[in-house]
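An overview of the molecular structure
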Amino acid sequence: MADERKLAYVMAFNEAVKQQMEVDSSVFCAGEDIGAFGGVFGTFGGLQAKFGADRVVDTPISEQAIVGLGVGAAVTGLRPIVDLMFMDFICVALDQIVNQAAKLKYMFGGDAVLPLTITTAGGGGLSAAAQHSQSLEALLCHIPGLKVVMPSNPYDMKGLMTACIQENNPTVMIKHKRLLGMTGHVPEESYSIPLGKGNIVRPGKDVTIVAYARMSNEALIAAEELAKDGIDCEIIDPRTLQPLDTDLIISSVKKTNHAVVVHEAVRFGGLGGEIASQIQELAFDYLDAPVTRIGAPFSPVPFSPALEQHYIPDSKTIVQGIRDVMARV
Amino acid sequence: MDLPVHVQLDLHRRMVRIRLFEEAAGRLAESNRLPGFLHLYVGEEAVAAGVCGALNDDDHITSTHRGHGHLVAKGGDFNRMMAELMGKATGYCKGKGGSMHISDTSLGMLGANGIVGAGSPIAVGAAFANRYRGRGQVAVAFFGDGSTNIGAFHEAANMACALHLPIVFACENNEYGEFTPRDKTMAITDIVDRAAGYGMPGVIVDGMDVIAVHEAAVEAVERARSGGGPSLIEAKTYRFYNHHGVQNLGLKYRSDDEVAMWKQRDPIFTLEDRMIENKAATRDQFDAIWAELRAGIEAAIAFADESPYPTPDQITVGVYTSMSGAS
Ligand SMILES: Cc1ncc(C[n+]2csc(CCOP(=O)(O)OP(=O)(O)O)c2C)c(N)n1
Ligand SMILES: [Mg+2]
C-alpha cells in the first residue's frame, strides 16, 4: 500500500516503549544517556520529556547496577526496561544477567516473577572494533531462564519489543546497530509478535536459509541473486532465538531438503551449531546435504574496514555458501 | 614556578604533540578519512603530559577510550598512530585495534580501552608485577570521572590499597560522561573523596595547569616508587570537543558559555604565556616548536596515507601466541 505508514527501526523501538509506558505505569526505563539525551542511538528519544525523569532514568556508568536495578525492581512488582548501550557491555553485567535475572525464579522454587527487558545494541559494520561490535547472542541463549530477541526490520522490532515488555520473564532485546535507520511499514496501533514464533521471510522450495537480524536481510539479497540461477531459497527469520521456533525450521527443511544457517557471530560455538544439530536430529532423513553454517571467522572483530568487510558475512558469502551446498547434491 | 625550564619545555612539548595529533585526527575524521569512533583529548593535554612527564620510559600506564593523548604523552610515534587510526597495516595495532585500542607495550602503554573502567584493574596487575619482580617501575591508571561509577574502578582501588601497590590513579574529571553531567550520576562533587574510602591519599589539582599536575604526579609517583603505596590525583579538566568526533551533533548538553570559559583556560597557551612572562622562553621559541612538530604530523599523515591496508588473510592472525612465543 502506498499510504502505509513508514517508520525507522529505531523509532519502531521507541514507539513500542512509548505505547507500553502509556498503558502500564509499572513500566520504566533506565540506562546511560537515555534521558535528556535520548540514548546514544536515539532509541529513547523524547521519552523523558514525555514521561519524566522518574520513569526514564539517566543512570551512572554502572552496568552491573543497571541490570541489578532491573532485577530488583522486577521482582518487587515493576516492569523495567534497562538499557546496556552496546552488547559488549553485557559482559560487565553478566553476573546480574546470568546468575541473578535468569535464575531467581527457579532458585526460589518458582516463587518470583521477573518481567524485565534488557535492551542493547549488537553487531558490527561500523569499524567500532573488538569491544563495540560483537554478536554475543549465543552466550545468552545458553542460559535457561532468559529469552533472546533479535529483530531484522522495523515491523518486527515494534511487535517484538512490545512482546518483550509484556513478557513475564527476563528478555534481552538486541537491536542491530546497522539496522537503526532501516525504514519499513509499521502500524501505528500497538501490536505484539509472540516470542518464539519465527517468520517465513521468503518462501522457496530448494534450500532453507535460517538467518536473523541483519543477516536475514542479506539472505534476501542473496536469494534474489540465486533465483537467477534457478535456486529458490526459503528464508526463515526466527526473530526470537530463545525460545527458538524449531518447528518452523524443521517443516521448511523437510520441504527443501537443504539448510544453511547464517549469523554474524563467530561461527565456532555460535547459534548456527545449535540450529544445525536440531535439524540433523529432527530432519536427518530429509537432508540431501550436510547443514552448513555461515558466520564470522574465529577472531575478535577487527577495526580496519579493510578487514571488517571480509570478516562479517554478507549476501556474497551467503550466495557462495548456498552454491556450495547445492553443488553437493 | 621553580620547575627547571627544560622540564617546563618538556611538558610543553608533550602537550603540543597531543594537540597537533588530535587536531589533525579531528580534521581527518570530519572529512570522513577516519573510520570508527574518535574520542579527542583536546583540552585535557595537561593531565597526560603532566603525569607522563613524571614517569620513566619503562613505567606502565593504562588508558581509556580517550587514549591518544596518553600514548602521545608517553612518547608514541605519530606515524604508527596515524596509520592505526586509518586502519592501515603499518599502524600500532596493524589495523586491528584503531583509535579505541591504540597501544605500545614497548612504551609501557597498555592500551586505550573501549570498556569504561577496565583499565584500572589492569594497572593494578602491572603494579603487582612490577613489585613482584622488584623492577622499581610504577603503574598509572588514567580514568575519567564517569568511570568511577563502575565496579571495576572500586575493586581496583581497593585491591591496590589492600596490597599496597606502586600505583597512581590519575582521574581526568571533565565533568561529563558522554552527554550526561557528573551531577546526575554521582552525589559527590569531587572524585578525590573516593580515595579516603580505600585508604589512599588524594589531591585535587587544576587540570588546565600542567605544572600543577606535574608536581602532584611527581609526588605520587615518588610515593609509589618508594613503597609508599597508591595515591589518587583528581585533575579538574575539560574536553574542548564533543564526546566523540569534533562537532557537537544533535542535542546540546553543554552551554556555549561553559565551553568558552574552559577554552579561555587552554593549558598550552596558559603555560606559554606564563613562561614568556617569566622570561623562561620566547614567542619565537614556541613558534619554532609548533612548526617543527607540525611538520612531524604532516609527515605522519602522508605516511599513513601511503601505507597499505592489511590483507584479509591477517584477520585470524594474532589471536593466540604460539608455544614458541611468536604471535
Ligand atoms: C562499560 C562501558 N559502559 C559504557 C560505555 C560507553 N561510554 C564510552 S565513554 C563513556 C563515558 C565515559 O566517561 P568518563 O569516564 O568520564 O570519560 P570521558 O569520556 O569523560 O573522558 C561511556 C558511557 C563503555 N564504553 N563501556
Ligand atoms: Mg568524563
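First, a word on scope: everything that follows refers to the structure included in this document. (Residues numbered from 1 in each chain as written. Chains lettered and ligands numbered in written order. Predicted model: local features only at pLDDT ≥ 70, side-chain atom pairs only at ≥ 80, totals over all residues. Heavy atoms only, no water.)

The subject of this paragraph is the pattern of salt bridges. A complete count under the given rule lists 30 salt bridges over all chains for this structure. With a shortest N-O distance of 3.6 Å, Arg79 of chain A and Asp24 of chain A are connected by a salt bridge. With a gap of 55 residues between them, Arg79 of chain A in strand E4 (residues 79-84) and Asp24 of chain A in the loop between helix H1 (9-23) and strand E2 (27-31) connect regions that are remote in the sequence. Look at Arg79 of chain A and you get buried, because its relative accessible area is 15%. For Asp24 of chain A, a relative accessible area of 22% puts it in the partly exposed group. Of the charged contacts in the structure, one is a salt bridge between Lys252 of chain B and Asp256 of chain B, with a shortest N-O distance of 2.9 Å. Residue Asp256 of chain B is classed as exposed on the basis of its relative accessible area of 53%. (Salt bridge = Lys/Arg side-chain N within 4 Å of Asp/Glu carboxyl O. Helix = DSSP H or I, 4+ residues; strand = E, 2+ residues; numbered from the N terminus. Buried < 20%, exposed > 50% of the residue type's maximum accessible area, 1.4 Å probe, protein only.)

The subject of this paragraph is the coordination of the magnesium ion (ligand 2). Residues and elements named next belong to chain B. Asp145 (OD), Asn174 (OD1) and Tyr176 (O) make up the full set of protein donors to the magnesium ion (ligand 2), lying at 2.0 to 2.1 Å. Counting residues between consecutive donors of the magnesium ion (ligand 2) along the chain gives the motif D-x28-N-x1-Y. Of this pair, Asp145 sits in the loop between strand E2 (139-144) and helix H6 (151-162) while Asn174 sits in the loop between strand E3 (167-173) and strand E4 (176-177), placing them 29 residues apart in sequence. Each member of the pair, Asp145 as well as Asn174, carries the same accessibility label: buried. (Donors = N, O, S within 2.8 Å, 3.2 Å for Na, K, Ca; no water.)

With 37 residues of chain B at the interface, the matching set in chain A holds 34 residues. When chain B packs against chain A, close to 2,800 Å² is buried across both sides, 69% of that on carbon and sulfur atoms. Broken down residue by residue, the surface that chain B buries against chain A is led by Phe37, Ile115 and Ile315 of chain B, which jointly contribute 19%. One can count one salt bridge joining chain B with chain A. (Contact = heavy atoms within 4.5 Å. Buried area = accessible area lost by both parts, 1.4 Å probe.)

The next thing to look at is the state of the cysteines. Residue and element names in this part refer to chain A. Summed over the entire model, instances satisfying the criterion amount to zero disulfides over all chains. Take Cys29: it sits in no disulfide, and the sulfur closest to it among the cysteines is that of Cys164, at 13 Å. Overall, Cys29 belongs to the buried group, its relative accessible area being 0%. Free of any disulfide, Cys141 has its nearest cysteine sulfur in Cys164, 12 Å distant. Taking the relative accessible area as the measure of exposure, Cys141 reaches 10% and is therefore buried. (Disulfide = S-S within 2.5 Å.)

Quick look at the environment of Met261 of chain B now. Looking at the element boundaries, Met261 of chain B is found in helix H10 (residues 256-264). A C-alpha to C-alpha distance of 32 Å links Met261 of chain B and Ala118 of chain B, two positions 143 residues apart in sequence.

What follows covers the nonpolar core. Residue and element names in this part refer to chain B. Grouped together as the largest cluster of nonpolar side chains are 61 residues, with contacts concentrated most on Phe21, Met82, Val140 and Phe142. A total of six residues in this core trace back to one element, the largest contributor, which is helix H9 (residues 210-225). If we ignore the near neighbours within four places in the chain, the residues touching Met82 are Phe21, Ala24, Ala25, Leu28, Ile297, Ala300, Ile301 and Ala304. (Core = buried A, V, L, I, M, F, W, Y, C linked by side-chain atoms within 4.5 Å.)

Turning our attention to the site of ligand 1. Around ligand 1 there are 22 residues in total, and Glu63 of chain A together with His65, Gly114, Asp145 and Gly146 of chain B lie nearest to it. Residues within reach of ligand 1 are spread across chains A and B. Separating an oxygen atom of ligand 1 from a backbone N or O atom of Tyr176 of chain B is a distance of 2.9 Å. About the coverage of ligand 1: the protein hides 98% of its 580 Å² of free accessible area. Of the residues belonging to the shell around ligand 1, the class tally is eight nonpolar, nine polar and five charged. (Near = heavy atom within 4 Å. Polar contact = N/O pair within 3.5 Å; in protein donor to acceptor, adjacent residues only side chain to side chain. Areas by Shrake-Rupley, 256 points an atom, 1.4 Å probe, with all protein chains shown as cover. Nonpolar A, V, L, I, M, F, W, Y, C, P; charged D, E, K, R; others polar.)

Turning our attention to the packing of helix H2 (residues 45-52) of chain B against H9 of chain B. Residues and elements named next belong to chain B. At a minimum axis distance of 8 Å, the contact between H2 and H9 shows a crossing angle of 40°. Crossing of H2 over H9 shows right-handed handedness. Between H2 and H9, the residues in contact are Ala46, Val47, Ala49, Gly50 and Val51 and Val210, Val213, His214 and Ala217, respectively. Looking at the contact of H2 with H9, its residues break down into seven nonpolar, two polar and no charged. (Axes fitted to C-alpha atoms, helices over the stretch in contact; angles between N-to-C directions. Left-handed = near helix turned anticlockwise from the far one by under 90°.)

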